[in-house]
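Coordinate inspection notes
Now for the letters of each chain:
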Amino acid sequence: MSAPDKILELVERFRDHQDAYRSGHYNETQVRRDFIDPMFRELGWDVDNREGYAEQYREVIHEDAIKIGKTTKAPDYCFRIGGQRKFFVEAKKPSVNLDHDMAAAFQVRRYAWTAKLSLSVLTDFEEFAVYDARIRPSKTDKAAKARTLYLTFDQYPEKWDEIAGIFHKKSILKGSFDRYVEDKKIKKGTATVDDSFLEDMESWRDALARNLALRNPGLSQRELNFAVQRIIDRIVFLRICEDRGIEPYGQLQLIQKKKDIYRKELIPIFHRADQKYNSGLFHFADERGRPTEPDKLTLDLSLDDKTLQAMLGRLYYPESPYEFSVMPAEILGHVYERFLGSVIRLTGNHRAKVEQKPEVRKAGGVYYTPSYIVDTIVKQTVGKLLHGKKPKDVEALKLCDISCGSGSFLIGAYQFLLDWYRDSYLQSKSKKDKKLIVQDMSGEWRLTTDERKRILLAHIYGVDIDPQAVETTKLSLLLKVLEGENEESLKKQMELFKTRALPDLGENIKCGNSLIGTDFYQGEQLELLDEETQYRVNAFDWHDEFPDVFKRRNPGFDAIIGNPPYIRIQNIKEWAPIEVEFYKKRYESAQKGNYDIYVVFSEKGLSLLNEQGLLGYIMPHKFFNAKYGVGIRNIIAQGKHLSQVVHFGDKQVFHDATTYTCLFFMGRTAQKTFTMQKVDDLDQWQIDGTCRSGEVPTDKLTPSEWNFVIGKGAGLFDRLSEMPVKLGDVAAKIAQGIRTSKNEVYVLDMKKELPETIQGYSKQLNDIVEIERALCSLFLQGREIKPYRVLHSGKTVVIPYRLSGSKASFIQEDELGHSYPLLYRYLFKNKSVLEGREKGRMRCPEWYAYIYPKNIEVMKSPKILVPDIADKAAFTLDENGDYAFTSGYGIVLKENTELDMKYVLGLLNSKVLDFFLKKISTTLRGGFFRYFTQYISQLPIRPIDFNDPADKARHDKMVSLVQTMLDLNKRLQAARTHDETKLLQRRITATDRAIDTLVYELYGLTAEETALVEGSA
């Protein structure tokens, strides 16, 4: 697009008077009003909020600059979409040379990096500089460091397309802004603000733990963890308050060079904070009415100055790259969530050592819930409960996160409540309501601190089994109470209400095991448990702990929200075996298979709701089809609790994780229908909620696998689902291939002897090759299984052995043709297969593994083969039982079925059954699907009436076509010329079409349904 007339006018005006503008007399406020504001209006932004949007949805926030010394503590502009920050703009007066000014560049980069934004802009209108905010800033960086675009005002007309293509509001909504960022690749290992702050916090924890353990030999491990966490929390809290103008700036910096810093300097600051804030974070003496016990441990500890000096120095400029005034609550939560994944252990000589918690290690790390997910769940639960109500109607509203972690969901819910109350009071005509809001210096309305405290105590509850997580949640909520305050405003409100600034959250946020009540201790079990086990179990009685929630007329929570932990129960057994046994007895959802703990949290959350209560979780959708999901599916189906599902398919909500999730909403009361939403474009869904949506009767909920199809294809899917014969009905067995995790495995160097675990056979491998050749089976990996063919490399072989007592010997089939149990040896080419092996051995390029397979009879039988993951149907035939296989499945038909295996193979490879499977299977990244047993066993098989000549003819025609496909594919693999290859490929395509046409006839598809299947393929 050409530059708008207004931009041309601005450029001309600046050119005509540039000498005057460059003089020091023309200040920043003037250039903002005269040039920068108009420029961004032309970029589509409502700079002055002329639309009158509510505060949380204003497009442009003009930050109130807080002067602290010579530093301005807030960016001049924050541009937002749907309340979410997109970029900052820092304005300077034209007399500043932005091309070379290092301080100005560092300032805007520091703001945006701390806020974890992608881009930031520095401009005085005369110059326009864009910075990549993902690159960590340093005071010594040149002004050009991380700069991706630099223009002068006279270039605006010719470069307007480029500017508007990135920063126009419409461009951001269409994704151009994000694409521009993605095109600017940054070096691997560049530290984001959360990575950097986490690294700092971990170094502080390590240093504090070592020093406290050294100087205080009487500390127990539990006391050490408490002390370290509490000292870090207090210092972080006070430092954040400094940058927000609530505490005197630099008070912690000033004590760095003093002596006996902890006892003489820091503890007095903590005591003053206790008098000011009244929170459990600073609670050192008994007080009437306080719900928690005071801290009688940390004030008596010894701590070296050197340890504290290093920590405090990293919190201030120039050593610190952080600007805490703009650090979002979710960034702090993200850091703490990962920080809490480790715990301090004490060694035998009372030395401190930081280790990852077993549950975190087994889960592959900690994954923080993105803020847009939190917001969506809060709107669909708390938002619905508040809709159409007035403040007096919701005084008893209680909401809870029963695995609150660092508190991200409670922070999101609290912010939603603060906004709702403020807007309600603004619309109210009541004088009493008007007294609960105040107007700040910028003219914006906000709730009084006292009202913010009341809302927090009245509505927000949380529980976590980790005491450190509980303290982190409290810290985050307390910082949220103080948001928007400064030292002066806080002082006025404290004087007005004759109270300290913060509440004690001890009665709201508690530590305990949400899943285990005190009935765990019935009988004599308590006497058998040691102290450490009792601390780990941490039984929690909901009714006793929250009497105001469960002893009212309608007992229970109005809303349960959160992200329950995802940990397979076989992993939990390693550190919490007693709890696992209790879950099996206590919860229906824990009674089938190797379940994941999130299904138990779903059952528990539902039970804690009151009659009108709502539950909203983000959790894996694997339980829709997994065997272990039958228990929770039954509970939901029986009560018709499901109200909404937002299914993300193969879209990854959690970065760096391979967990496929959904948003899952339930109500305590029965629902007639539920809303099924499927998200195809996660980015677009975040912007405007675009997805495929449909209503499904709750009558369709059953304990069996859930497959909900909406929109086009739903009718055909339902009809195919209702067919009476499934693959599982005609298959004698659907057997999984060799898995190192499911078979006995022995690994050895191919140049060495057999492992000691196989005794009695000591010959070198080279000596037994000739004997083995006669007993070889061809060996396939899943990726070598293709439609109607295998891509066997010829390099990998499987050799059978029989394990007899402690001896290994070769065997043949007996006289009846029965196979004995065998050991297979095969050559590993893929190092990743050997999970859990010693790293030193992994360097060897070739290893042999001896495996005792559970499905040996299938390996030796005629069978249909299929990989476990593929982008489309990929079934083939092993007619003579030649192949053993891994990462796939072998399908053996029942002996009494009249259906030819080739007939079934043709159906399985057809577009119709592939259409069906992709509706029920788990979608993976890259367009791949899981072809697991629970999915392929549901494939509808068209039965044949062999007494009907026409039906039998269809069967025989299919067998003939499939045989042709098998023959053509064999010839294709052997083809040696381009012309022969091309001819065979054309014949294969034609035969494949003939098979699909026959399948359409067999399944009775209409022309419309056929077009639908063809289109989806």
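Residues numbered from 1 in each chain as written. Predicted model: local features only at pLDDT ≥ 70, side-chain atom pairs only at ≥ 80, totals over all residues. Heavy atoms only, no water.

A few points about the environment of T533
What counts, and what does not: What counts as a helix is a DSSP run of H or I of at least four residues, what counts as a strand is a run of E of at least two, and both are numbered from the N terminus.
Summarising the element assignment, T533 is placed in helix α22 (residues 531-537). Separated by 43 residues in sequence, T533 and A576 place their C-alpha atoms 8.6 Å apart.

Structural notes on the confidence of the model for the chain
How we decide: As a per-residue measure, pLDDT tells how confident the predictor is, with possible values from 0 to 100. The criterion used for residue contact is that any of the two residues' heavy atoms lie within 4.5 Å.
Per-residue confidence for the chain averages 84 on the pLDDT scale, and 85% of its residues sit at or above 70. Residue range residues 740-776 is modelled with pLDDT below 50. Its contacts to residues more than four positions away, or to other chains, number 85 contacts. Low pLDDT (under 50) marks residues 795-852, which in the prediction has 154 contacts with non-local residues, meaning those over four places away or in another chain.

With respect to the environment of T989
We count it as follows: For the exposure calls, accessible area comes from a 1.4 Å probe over protein chains only, and a residue counts as buried if that area is under 20% of its type's maximum, exposed if over 50%, partly exposed in between.
The residue T989 is located in helix α39 (residues 978-1002) in this model. Residue T989 is classed as partly exposed on the basis of its relative accessible area of 39%. Linking T989 and M965, residues 24 residues apart in sequence, is a C-alpha distance of 9.3 Å.

Points about helix α38 (residues 949-974)
Counted only if it meets this: What a helix is expected to span follows from its residue count: subtract one and scale by 1.5 Å. Polar contacts here mean pairs of N or O atoms no more than 3.5 Å apart (in protein, one a potential hydrogen donor and the other a potential acceptor; neighbouring residues in sequence count only if both atoms are side-chain atoms).
With 26 residues, α38 ought to run about 38 Å at 1.5 Å a step, and its terminal C-alpha atoms sit 38 Å apart, in line with that. Residues D951, H955, M958, V959, L961, V962, M965, L966, L968, N969 and L972 constitute the buried set of α38. In this structure D948 caps α38, since a side-chain oxygen of it lies 3.1 Å from the backbone nitrogen of A950.

A short note on the sheet that holds strand β37 (residues 928-930)
The test is simple: In this description, strands pair whenever DSSP reports at least two bridges between them.
One open sheet holds the three strands; their spatial order is β32-β37-β36, and the pairing between them is antiparallel. Strand pairing shows two members of the sheet lacking a second neighbour, β32 (869-870) and β36 (923-924), which therefore form its edges.

Regarding the packing of helix α36 (residues 911-920) against helix α40 (residues 1007-1016)
Filter applied, for reference: Only the contacting stretch of a helix is used when fitting its axis, a line to C-alpha atoms as for every element, and angles between N-to-C directions run 0 to 180 degrees. Note on angle classes: values under 35 degrees are labelled roughly parallel, values over 145 roughly antiparallel, values of 65 to 115 roughly perpendicular, and the remainder oblique. Crossings are assigned a handedness: left-handed for a near helix turned anticlockwise from the far helix by less than a right angle, right-handed for a clockwise turn. When residues are sorted by character, Ala, Val, Leu, Ile, Met, Phe, Trp, Tyr, Cys and Pro go into the nonpolar class, Asp, Glu, Lys and Arg into the charged class, and all the rest, Gly among them, into the polar class.
For the pair α36 and α40, the least separation of the axes is 9 Å and the interaxial angle reads 70°. With respect to each other, α36 and α40 are oriented roughly perpendicular. Pair α36 / α40 crosses with left-handed handedness. Judged by residue contacts, K911, V912 and F915 of α36 engage L1012, V1013, E1014 and S1016 from α40. Partitioned by chemical class, the residues of the contact of α36 with α40 number four nonpolar, one polar and two charged.

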